[in-house]
Amino acid sequence: MGIGIGIERINGFLWSPAETFEASKEETLSDAYVYCFPLLVIFSVLLAVIIGIVLANPVAQSILGMRPDSELLKIITLMSASGIILGGTVGVLIAGIWMHIWAYAFGGRNGLEQTIKVLLYAATPLLVLGWIPVIGTVIGAIWSLLLLLTGLMHLQGMYSGRAILALVASLLVPVVIIGIIAAVFGPAMLTHI
């Protein structure tokens, strides 16, 4: 996939997602990774630079107890980029399996590969904008959620209502589980502090 095709695909997922998802139905999971991985690398480098700039600020250094010439700053910046790349690569598989459970529960029968492709392609706005502190992250995340819905409808052949239910369940169930765990174990943990 050349640069021109990559930019064309980015524009497609951003501005014509229904048509672009429809055109990607026959693509393989490898094709989706080849598209997404360079975006993930660029995103991680840009985000690591932002983290480095924030940590280079004397106020942040004083809060964290770091010296201005600290090697820790370089290590944290490098580890941020590496961690984002590794986390994004592995995380999409875990998230894909989780999302597929819910897509299948609500009628998506086109296979796990299609669900993972949805996640990879729907990450486009977050990877393009998410490195921009606060505003870019919020806009990118919301835009990516909307693309998840579009992708589920096109690649899993789901009606919009079912796609919404699958997405909401995949997001809310972990929040509820974490809330229950926090409610049960939180007070006990606080008494030991």
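Heads up: the structure comes first, above all this text.
To start, this report covers the structure provided alongside it. No experiment lies behind these values; they were computed from the predicted model shown.

Our next topic: the nonpolar core. Tyr35, Leu127, Leu148 and Leu152 are the most contacted members of the largest nonpolar core, which has 34 residues in total. Of all the secondary structure elements, the ones that give two or more residues to this core are α1 (3-15), α3 (29-56), α5 (71-105), α6 (112-122), α8 (135-155) and α9 (160-191). The biggest single contributor to this core is α3, with 7 residues.

For the pair α3 and α6, the least separation of the axes is 9 Å and the interaxial angle reads 10 degrees. Judged by the inter-axis angle, α3 sits roughly parallel to α6. Here α3 and α6 pass one another in a crossing that is left-handed. Between α3, through Leu29, Asp31, Ala32, Tyr33, Tyr35 and Cys36, and α6, the contact on the second element is made entirely by Glu113, Ile116, Lys117, Leu120 and Tyr121.

The next thing to look at is the environment of Met99. Within the secondary structure layout, Met99 lies in helix α5. Through-space distance from the C-alpha of Met99 to that of Leu167 is 7.2 Å; in sequence the pair is 68 residues apart.

Quick look at the environment of Gly130 now. Within the element layout of this structure, Gly130 appears in the loop between α7 (124-129) and α8. Setting aside residues no more than four positions away along its own chain, Gly130 makes contact with Phe43, Pro125, Gly136 and Thr137.

Moving on: the packing of aromatic side chains. A full pass over the atoms with the stated rule returns 7 aromatic pairs. Summarising the aromatic geometry, the rings of Trp15 and Trp143 are spaced 5.1 Å apart at their centres and angled 65 degrees between planes, so their arrangement reads as edge-to-face. Of the two residues, Trp15 sits in helix α1 while Trp143 sits in helix α8, which places them 128 residues apart along the sequence. A relative accessible area of 62% places Trp15 in the exposed class. Each member of the aromatic cluster is reached from another via a ring pair, and the members are Phe13, Phe21, Tyr35 and Tyr121. Here Arg109 stacks its cationic end above the ring of Tyr104, 3.8 Å away from the centre of that ring.

Now for α5. Under the 1.5 Å per step criterion, the end-to-end length of α5 is 49 Å for 35 residues, consistent within 8% with the ideal 51 Å. If you look at α5, its biggest bend is around 30 degrees, right at Gly91. Taken as a whole, α5 has its buried residues at Leu73, Ser80, Ala81, Ile84, Val92, Gly96, Met99, His100, Trp102 and Ala103. One or two residues past the end of α5 sits Gly107, with phi positive at roughly 110 degrees.

Reading the values: rules and limits
Residues numbered from 1 in each chain as written. Predicted model: local features only at pLDDT ≥ 70, side-chain atom pairs only at ≥ 80, totals over all residues. Heavy atoms only, no water. Core = buried A, V, L, I, M, F, W, Y, C linked by side-chain atoms within 4.5 Å. Buried < 20%, exposed > 50% of the residue type's maximum accessible area, 1.4 Å probe, protein only. Helix = DSSP H or I, 4+ residues; strand = E, 2+ residues; numbered from the N terminus. Axes fitted to C-alpha atoms, helices over the stretch in contact; angles between N-to-C directions. Parallel < 35°, antiparallel > 145°, perpendicular 65-115°, else oblique. Left-handed = near helix turned anticlockwise from the far one by under 90°. Contact = heavy atoms within 4.5 Å. Phe/Tyr/Trp six-rings, centres within 6.5 Å; stacked < 30°, edge-to-face > 60°. Lys NZ or Arg CZ within 6 Å of the ring centre and 35° of its normal. Expected span 1.5 Å × (residues − 1). Bend = angle between axes of the 7 residues up to and from the residue.

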